[in-house]
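Okay, here's what each chain looks like letter by letter:
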Amino acid sequence: MPRALAALHLLGYVCLAVSQCASPASEFRLDGDYLIGGIFKIHYAYAAEAPHRRPENRACSSQLFSPEDYQRFQVMRFSVEQINNSTELLPNVSVGYQIFDHCHNAENFPNVLDLISVNGSVSPWEEANKWMPPEVVAVSGPFTSTDALTMAPLFMMDLCPLISYGAASSILSGKAKYPSFMRTVFSNKEIITVIINIIQHFQWRWVAFLRSDESFGNNGLDLFVSGIQGTEICLAYTKGLQSNSNFTQIFQHIEQQNINVIIVFAPQLMAESLVGSAVRLKVRNKVWLAGDTWALSKKLRSLEGIDQIGTVIGISQNEKTIPGFSDFIHATRGRTDRPDRHRACNQVCNCSGLTAEQILAADPSFTYSVYSSVYAIAHALHGLLNCGAAGGCSRNVTVYPYTVLAALKKSNFTLLKERIRFDPNGDPLFGSYLLVHWNKSLGADPIGYYDLQKRVRFYINGSKIEWFTAAGVPTALCSEECSSGYVMKQDGIHQCCFTCELCPEGTYVNVTEDPYQCGTCNETQWSAAGSTACHQRRVEFVPFSDRWAILILFGAAVLMALILAVSVVFAAHYNTPVVRSSGGPMCFLILACLFLSSLSVSFYFGRPARSSCSLRFLPFVLFYTVCLSCFAVRSFQIVCIFKMASKFPNLQSYWGKYHAQWLLIAITGATQFFVIVIGFVLDPATPEADTSWSQQEIILKCALNFKGCVAPALLLSSLCALCFLFSYMGKDLPKNYNEAQAITFCLMLLTLTWVTFITIFLLYQGKHLQTLNALAVLSSLYSFLLWYFLPKCYIILFQPERNTPQYFQGLIQNYTKTISQ
């Protein structure tokens, strides 16, 4: 019931509209066995400013005439005539046409209804055996996406093929909503792909997209926004254009945002209006990307001042020369229209004044699309009628629009050396785009192509373009490219607008991977500020071949030789007063500890290992502890003999009876041994790669457990303090027994050495810290050998008179007299 009411309403609308139109016979109709519908926009009508008070049909003949569309209209007429004259395609079958001038998408529906009507009525198909097929089996057209989207639903209900030669909206590829829509031009998806490829080829980033504010332009914008996702292209400005748009304001916005590339995606008339305004407003030095609707516009190319607006790069249909069409136009211009009893609205052109030359001079864009659409319908009929099997076509086959649609989907024929096929969405698998450049002579020079059938789909030769700048390809950037070593920090909503920040030390920027973040070098690499790559660090340690290492090792060897020499001297003069007063056998223990401690110096050089790290610390700390405990005990023993014997007479006897000095030395050494072993077992010294000191070097050193080193260091410090204390107490003893001066001086050198080393340690962590550590150890050992043992050797060897019992007894007697007084 709703469909019936709708049909009645539509029929009433048709009758009312037809009664208002009285047109003479014209070129719009040709009788034949099968009719092909044609919808062309020979005239353009803008929307009425005031709303209608009653239904009315727009008479197109009084509207703005389009020579380009009239040329396409003639191409359809020529195609049908050529098919009828062919002996191979549809032999003994005549093809006619019913063509309408569709000048307005909302006010010319009687034309559409006439194409889908059967005996003057419109009713959706219900049962095949009760339904008479309409006169028109398929329709070529319409030209614009808006017209196609408006009228397509009426053809879809009966699956009448609607083959557009210009509607490019990708929405029409949806077969769920537009099952019988097909086209012989690429969809907007392909031309937007070409536009993006051009922008990327010339490395433009900051562009404007001006489009018509209707389905064609808005669909192009949606595809463009989707296509630039994940690229470096930014859409700086977009505007929907209408007939009353303020072009002055639009170009002001473009200038304010410093946009140099303008994409114009609009029908020809609107694009001509926009670009003409740019010429009048003296817009200069821009790159214009023209869609296929106006890429070959002769009207714009001949406009005075068009060469001042900048550089125009167009994407046009790669039109083929249709053989015989020129002759057809010249022949038909002399004919007189024959009377025709079939008359309908909008089948009047009033174009008799046009010459053949004027028609042929129009922009040829989309003429091949019309030609191929008519031939596709003809080949579909040829297959349905089983033509060619017996020299003719079968007359017993009833042709319905939906059967023509099924045959069209299987199209596979050659036309002008090109294979005509369609994909499942009804989009063409043939054709190509031609990239053109408007030269200074107002011509359109080919500079590239986009062809889905070729291995290299996109090609453009930029050297053929005459740019408006002498410097060559103009730039289109929101922000200038950052210098090497800088990263881009986005400024605002567009990723193309940014500030440049220098990458600090230890980082780098790789613009091909991520130009927005500074990458961090790993621990084995380094980089200076503003680097684009990391460099491997040099691995540094003190080898045995280092000159300082050689000098220190030589000093250690000399030390060991001196220790052995002193030991020989002391052994040879063991029973002399000097040796006995120096501690006798204790001297040899001290010399042995100094010798063993000196072995640790050699482990400070070479590549650090776990064993060498341990042997740097263990021998020196352990044997030096024994050495200091000997001096502490020796100092206490002398003080005890001379100063404490009278006050504590039993102390000396116990000290000698129980060998207290050796007991204390053993306890001190054992304590230090166990402290060191426990600390190193819990957290041993290990090799360490230090990357914090120098950005260009990796310093190999030993990482000591400072917690484990605290206890041994405290014990050594305590022994030093005791030595100082006992040395001070014995400062007034007999000269040959007074060791305070020598021990004090040795301890002062020891303290100065390690205070200096600790200061350097806090300020410097380079590879030669190991050298300084070895030097500090060697200095500690030399201090006791040089200032304690060598003076005694000098007395033994060069002053033997001071090494006699009588001399020592005289010193003791003098000391006793002094004390008694």
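Structure's up top.
Worth saying up front: this structure is predicted, and the values here are computed from it rather than measured. (Residues numbered from 1 in each chain as written. Predicted model: local features only at pLDDT ≥ 70, side-chain atom pairs only at ≥ 80, totals over all residues. Heavy atoms only, no water.)

Enquirer: An account of the overall build of the protein chain is requested, with residue identities and associated values reported.
Expert: Looking only at helices and strands, one finds 23 helices and 27 strands in the protein chain. Looking at the protein chain alone, contacts between residues at least 24 apart form 72% of all its contacts between residues at least 6 apart. Carbon together with sulfur atoms contributes 57% to the accessible area of the protein chain, which is approximately 38600 Å² in total. (Helix = DSSP H or I, 4+ residues; strand = E, 2+ residues; numbered from the N terminus. Contact = heavy atoms within 4.5 Å. Areas by Shrake-Rupley, 256 points an atom, 1.4 Å probe, with all protein chains shown as cover.)

Enquirer: Explain the packing of aromatic side chains to me, and be specific about the residues and the numbers.
Expert: Two measures describe an aromatic ring pair: the distance that separates the ring centres and the angle between the ring planes. Going through the model one piece at a time under the given rule, you end up with 39 aromatic pairs. When the centroid spacing of 6.4 Å and the interplanar angle of 35 degrees are considered together, the rings of Tyr433 and Tyr450 count as tilted. A residue pair is termed long-range when its members are at least 10 positions apart, and Tyr433 in strand S16 (residues 433-438) and Tyr450 in strand S17 (residues 444-450) qualify at 17 residues. In terms of burial, Tyr433 and Tyr450 fall into one category: buried. Look at Tyr794 and Phe798: their rings are 5.2 Å apart centre to centre, the planes differ by 40 degrees, and that puts the pair in the tilted class. Linking Tyr794 with Phe798, this pair stays in helix H22 (residues 769-798), spanning four residues, or about one helical turn. (Phe/Tyr/Trp six-rings, centres within 6.5 Å; stacked < 30°, edge-to-face > 60°. Buried < 20%, exposed > 50% of the residue type's maximum accessible area, 1.4 Å probe, protein only.)

Enquirer: Tell me about helix H7 (residues 247-256), and please be specific about residues and values.
Expert: Of all the positions in H7, only Phe247, Ile250, Phe251 and Ile254 are classed as buried. Around the axis of H7, the buried residues are gathered within 90 degrees of arc, so they sit on the same side. Buried residues along H7 sit in contact with strand S9 (206-212), strand S10 (234-241), strand S11 (261-265), helix H8 (268-280) and strand S12 (286-290). Its side-chain oxygen placed 3.2 Å from the backbone nitrogen of Thr248, Asn246 serves as the N-cap of H7. (Arc of directions from axis to C-beta. Polar contact = N/O pair within 3.5 Å; in protein donor to acceptor, adjacent residues only side chain to side chain.)

Enquirer: If you had to explain the state of the cysteines to someone new, which residues and values would you point to?
Expert: Applying the stated rule across the entire model yields eight disulfides. A sulfur-sulfur distance of 1.8 Å marks the disulfide that ties Cys387 to Cys393. Here the S-S torsion is close to 115 degrees, and the disulfide linking Cys387 with Cys393 is therefore right-handed. An identical accessibility class is assigned to Cys387 and Cys393; each is buried. Across the disulfide, Cys478 is cross-linked to Cys497 (sulfur-sulfur distance 2.0 Å). In this structure the cystine formed by Cys478 and Cys497 twists about its S-S bond by roughly 105 degrees; its chirality is therefore right-handed. Of the two residues, Cys478 is situated in the loop between strand S18 (458-460) and strand S19 (486-490) and Cys497 in the loop between S19 and strand S20 (498-502); the sequence distance between them amounts to 19 residues. By relative accessible area, Cys478 is classed as partly exposed at 29%. (Disulfide = S-S within 2.5 Å.)

Enquirer: Which residues make up the sheet that holds strand S13 (residues 310-317), and what values do they have?
Expert: Within a beta sheet, neighbouring strands are joined by backbone hydrogen bonds and run either parallel or antiparallel to one another. Strand order in the open sheet formed by eight strands is S10-S9-S11-S12-S13-S16-S17-S18, and the pairing between neighbours is mixed. Two strands bound the open sheet, and with one partner strand each, they are S10 and S18. Along the sheet, successive strands turn relative to each other by an average axial angle of 20 degrees, direction set aside. Inspection of the sheet shows S17 paired to S18 by three bridges, in the antiparallel sense. (Pairing = 2+ DSSP bridges. Axes fitted to C-alpha atoms, helices over the stretch in contact; angles between N-to-C directions.)

Enquirer: Describe in detail the pairing of S13, supporting the description with residues and values.
Expert: Taken across its eight residues, S13 has eight buried, putting it largely inside the fold. Inspection of the sheet shows S12 paired to S13 by five bridges, in the parallel sense. When the sheet's bridge partners are listed, Lys286 is paired in S13 with Gly310. Of the pairings in the sheet, the one linking S13 to S16 comprises five bridges and is antiparallel in character. Looking at S16, one finds that Ile313 is bridged to His437.

Enquirer: Which residues make up the pattern of salt bridges, and what are the values?
Expert: Under the criterion given, the structure shown has 13 salt bridges. Glu272 is the salt-bridge partner of Lys299, the closest N and O atoms lying 3.8 Å from each other. With Lys299 in helix H9 (residues 298-301) and Glu272 in helix H8, this residue pair connects regions lying 27 residues apart in the sequence. On the accessibility criterion, Lys299 (57% relative accessible area) is exposed. (Salt bridge = Lys/Arg side-chain N within 4 Å of Asp/Glu carboxyl O.)

Enquirer: Requested: an account of the environment of Asn197, with residues and values cited.
Expert: Considering the arrangement of structural elements, one finds Asn197 in helix H5 (residues 188-201). Assessed through its relative accessible area of 21%, Asn197 is described here as partly exposed.

Enquirer: Before we move on, could you go through the pairing of S17 and cite the residues and values that matter?
Expert: Across six bridges, the pairing between S16 and S17 is antiparallel. Paired with Tyr433 across the strands is Tyr450, a residue of S17. Here S16 hands over to S17 after five residues, with Leu442 in that stretch at a positive phi of 70 degrees.

Geometry only, nothing functional implied.
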